[in-house]
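Chains, contacts and geometry: an overview
The primary structure of each chain is shown beneath.
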Amino acid sequence: MIININDQAGLLLNRPEFKNLKKIIGVRNKMKKLFSIICLSLVLILFSYQAKAVDNVVYGSSAGDFEKIGASGSQFLKIGVGARANAMGGAYTGVANDITSIFWNPAGLADVKGLGANFSYTQWFADFSHNFAAVAAPLGESFTVAAHAISFSSDPIPITTMEEQQGTGSKYTVSDVEVGLSFSGYLTDQFSFGITAKYIQNSFASLSSDGIAFDVGTKYYTGIQGITLGFAIFNLGTTMQYMGQDLRTTKQLFTSLDASPLDAEYLSSSYNIPLIFRAGLSSEIINIEDEHKLLVAADFFTYSDVPEQFALGAEYTWHNLLSLRAGYLLGQDSFGFSGGAGIQYIGGGFNGSVNYSISPLEDFTTVHRISIGMKMD
């Protein structure tokens, strides 16, 4: 009698006592993948901690006695967009699944499957306003493209001098702008990526500077307890330098010789935009028949010009209609607790939402945000 070993092994593994063993092996394989990703993320974080100096421009962490405050310009690039994300304290790198993902993790755009748009308005302090507008569209079944614009501007500011400290009667404004294009998609059922190319301009009075930068992000759905990991690097780009009419002047170099004045121009130093690395995770720890959902998230941010920060956030959703959110930002000397709410309508191939967030500051002022989003399947 001939015994087929492969057939006997197959029958043996299908016996009830071996089914749990197969499940355990599957979980171990998933844990190995998760462990590899965590190790890779730790390497990236440690790499970002290394300080270096190139052409007198300083990068690095704030560990020890090393200080990096004021090492970069274009600070508006660090202002978060979207009321939902900010209500959760900015713990959104692993959550990102809407059009505001452009700011938090461009890989999240892969979850936008239909034609959509989002507009967010932020009432910043000191009479500044911050606006975000974006549109997204699917490109085939697995990819999404999007275009966005961000503006940060002030009300007219009086010009003062040492002689006229009450104002000269003239005014100027500050206006910063970012516009960009994003591309995102799924490489596997569990792994998505995203990349953004953007143009940045800073201006005040008659001076302006511009540059180009790139953002890169990834998301990984572990399949373990609903945990999603997200990683993103922002503002990989060129240095910027102010130029404009206010740098030009006329100087008389030799007064004793009664020489004619000469045209001259002040030199401005170049500066870097803030390099940002984000790592985050999220998990929907409660989901009772889509009637009650509880999402929790945690993020780590490291910047090239300020100390590292951590964020914790939570979102409770009732019947996919009403959401309540709260978050806390650690390592920030201005912001701490945040909160907000949102309402969503889904029906007839249309998905619309209105979200609001509030972020109190240490000096008892508050930052208010409102976002309006819509998507058509």
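Only a predicted model underlies this, so the values are computations on that prediction, with no experimental measurement involved. (Residues numbered from 1 in each chain as written. Predicted model: local features only at pLDDT ≥ 70, side-chain atom pairs only at ≥ 80, totals over all residues. Heavy atoms only, no water.)

Focus: the overall build of the protein chain
Keep this limit in mind: Note on conventions: DSSP H or I runs of at least 4 residues are helices, E runs of at least 2 residues are strands, and numbering of each starts at the N terminus. We call two residues in contact whenever any of their non-hydrogen atoms come within 4.5 Å of each other. Here the accessible surface of atoms and residues is derived via Shrake-Rupley with a 1.4 Å probe, and residues count as covered only by protein chains that are part of the display.
The secondary structure content of the protein chain amounts to 4 helices and 21 strands. Considering only contacts in the protein chain between residues 6 or more positions apart, those separated by 24 or more positions represent 54%. Put simply, the protein chain shows about 21000 Å² of open surface, and 62% of that area lies on carbon and sulfur atoms.

So, the side chain of Glu308
Convention followed: In protein, a polar contact means a hydrogen-donor-capable atom and an acceptor-capable atom, both N or O and within 3.5 Å, with residues adjacent in sequence counting only if both atoms are side-chain atoms; elsewhere, any N or O pair within 3.5 Å suffices.
With respect to the element layout, Glu308 can be found in the loop between strand 16 (292-303) and strand 17 (309-318). Here the side chain of Glu308 touches Thr302 through a polar contact of 3.4 Å, side chain to side chain.

Quick look at the nonpolar core
Rules: Residues enter a nonpolar core if they are buried and are Ala, Val, Leu, Ile, Met, Phe, Trp, Tyr or Cys, with the set joined through side-chain atoms within 4.5 Å. Residue exposure (1.4 Å probe, protein chains only): buried if accessible area is under 20% of the type maximum, exposed if over 50%, otherwise partly exposed.
Membership of the largest hydrophobic core comes to 43 residues, with the highest contact counts inside it found for Phe76, Tyr92, Ile102, Trp124 and Ile200. The set of elements that each furnish at least two residues to this core consists of helix 4 (101-104), strand 4 (128-139), strand 5 (143-154), strand 11 (227-237) and strand 16. Ignoring sequence-local partners within four residues, the contact set of Trp124 consists of Ile79, Ser129, Phe152, Phe335, Val367 and Arg369.

Structural notes on the environment of Ile79
Mapped onto the fold, Ile79 is located in the loop between strand 2 (57-59) and helix 3 (83-87). On a C-alpha basis, the gap between Ile79 and Phe152 in space is 9.3 Å, while along the polypeptide they are 73 residues apart. In contact with Ile79, not counting residues within four places along its chain, are Phe103, Trp124, His130, Phe152 and Arg369.

Concerning the packing of aromatic side chains
Keep this limit in mind: Any two of the Phe, Tyr and Trp rings considered here, Trp counted by its six-membered ring, make a pair once their centres fall within 6.5 Å; the pair's planes then place it as stacked at under 30 degrees, edge-to-face at over 60, or tilted in between.
Taken as a whole and judged by the stated rule, the model has 13 aromatic pairs. Aromatic side chains Tyr92 and Trp104 sit 6.2 Å apart centroid to centroid with 70° between the ring planes, which places their arrangement in the edge-to-face category. In this pair, Tyr92 sits in the loop between helix 3 and helix 4 while Trp104 sits in helix 4, placing the two residues 12 residues apart along the sequence. By the burial criterion, Tyr92 is buried, and Trp104 matches it. By way of ring pairs, the aromatic residues Tyr92, Phe103 and Trp104 are connected into one cluster.

Describing unusual backbone geometry
At Ala205, a position not held by glycine, the phi torsion is positive, near 55°. Secondary-structure assignment places Ala205 in the loop between strand 9 (191-204) and strand 10 (207-221). The exposure class of Ala205 is partly exposed, given its relative accessible area of 44%.

Some words on the pattern of salt bridges
The criterion, for reference: The working definition used for a salt bridge is a side-chain nitrogen of Lys or Arg within 4 Å of a carboxyl oxygen of Asp or Glu.
This model, assessed by the stated rule, comprises 8 salt bridges. In this structure, the salt-bridge partner of Asp290 is Lys293, at a minimum N-O distance of 3.5 Å. Here Glu315 makes a salt bridge to Arg325, at a shortest N to O gap of 2.6 Å. Taken together, the residues Glu315 in strand 17 and Arg325 in strand 18 (residues 322-330) connect sequence positions 10 residues apart.

Regarding the pairing of strand 9
Short version of the rule: Should DSSP find at least two bridges between two strands, the strands are taken to pair.
In this sheet, strand 9 lies alongside strand 8 (residues 174-186) in antiparallel orientation, the contact comprising 13 bridges. Looking at strand 9, one finds that Phe183 is bridged to Ile195. Linking two consecutive strands that pair antiparallel, namely strand 8 and strand 9, is a turn of 4 residues. In terms of strand pairing, strand 9 meets strand 10 through 14 bridges, oriented antiparallel. In the sheet register, Gly194 faces strand 10, and the bridge partner there is Gly217.

Comments concerning the environment of Thr228
Considering the arrangement of structural elements, one finds Thr228 in strand 11. Here the alpha-carbon distance between Thr228 and Ala96, two residues 132 residues apart in the chain, equals 10.0 Å. In contact with Thr228, other than residues within four places in its own chain, are Gly94, Lys219, Tyr220, Tyr221, Gly280, Leu281 and Ser282.

Notes on the side chain of Thr93
Mapped onto the elements of the fold, Thr93 is located in the loop between helix 3 and helix 4. Residue class for Thr93 comes out buried when judged on its relative accessible area of 0%. Separated by 2.4 Å, the side chains of Thr93 and Asp299 make a polar contact. What Thr93 contacts, discounting residues up to four positions off in sequence, is Trp104, Asn105, Lys219, Gly230, Phe231, Arg278, Ala279, Gly280, Asp299 and Phe301.

Structural notes on the confidence of the model for the protein chain
Predicted coordinates in areas of low pLDDT are best not read in detail. Note the cut-off: On a range of 0 to 100, pLDDT expresses the predictor's confidence in each residue.
For the protein chain, mean pLDDT is 82; residues scoring 70 or higher make up 79% of the total. Here residues 1-9 is modelled with pLDDT under 50, and outside its nearest four sequence neighbours on either side it reaches 1 contact, counting other chains as well. Segment residues 42-66 is flagged for pLDDT under 50; beyond a separation of four residues in sequence, or across chains, it makes 30 contacts in the model.

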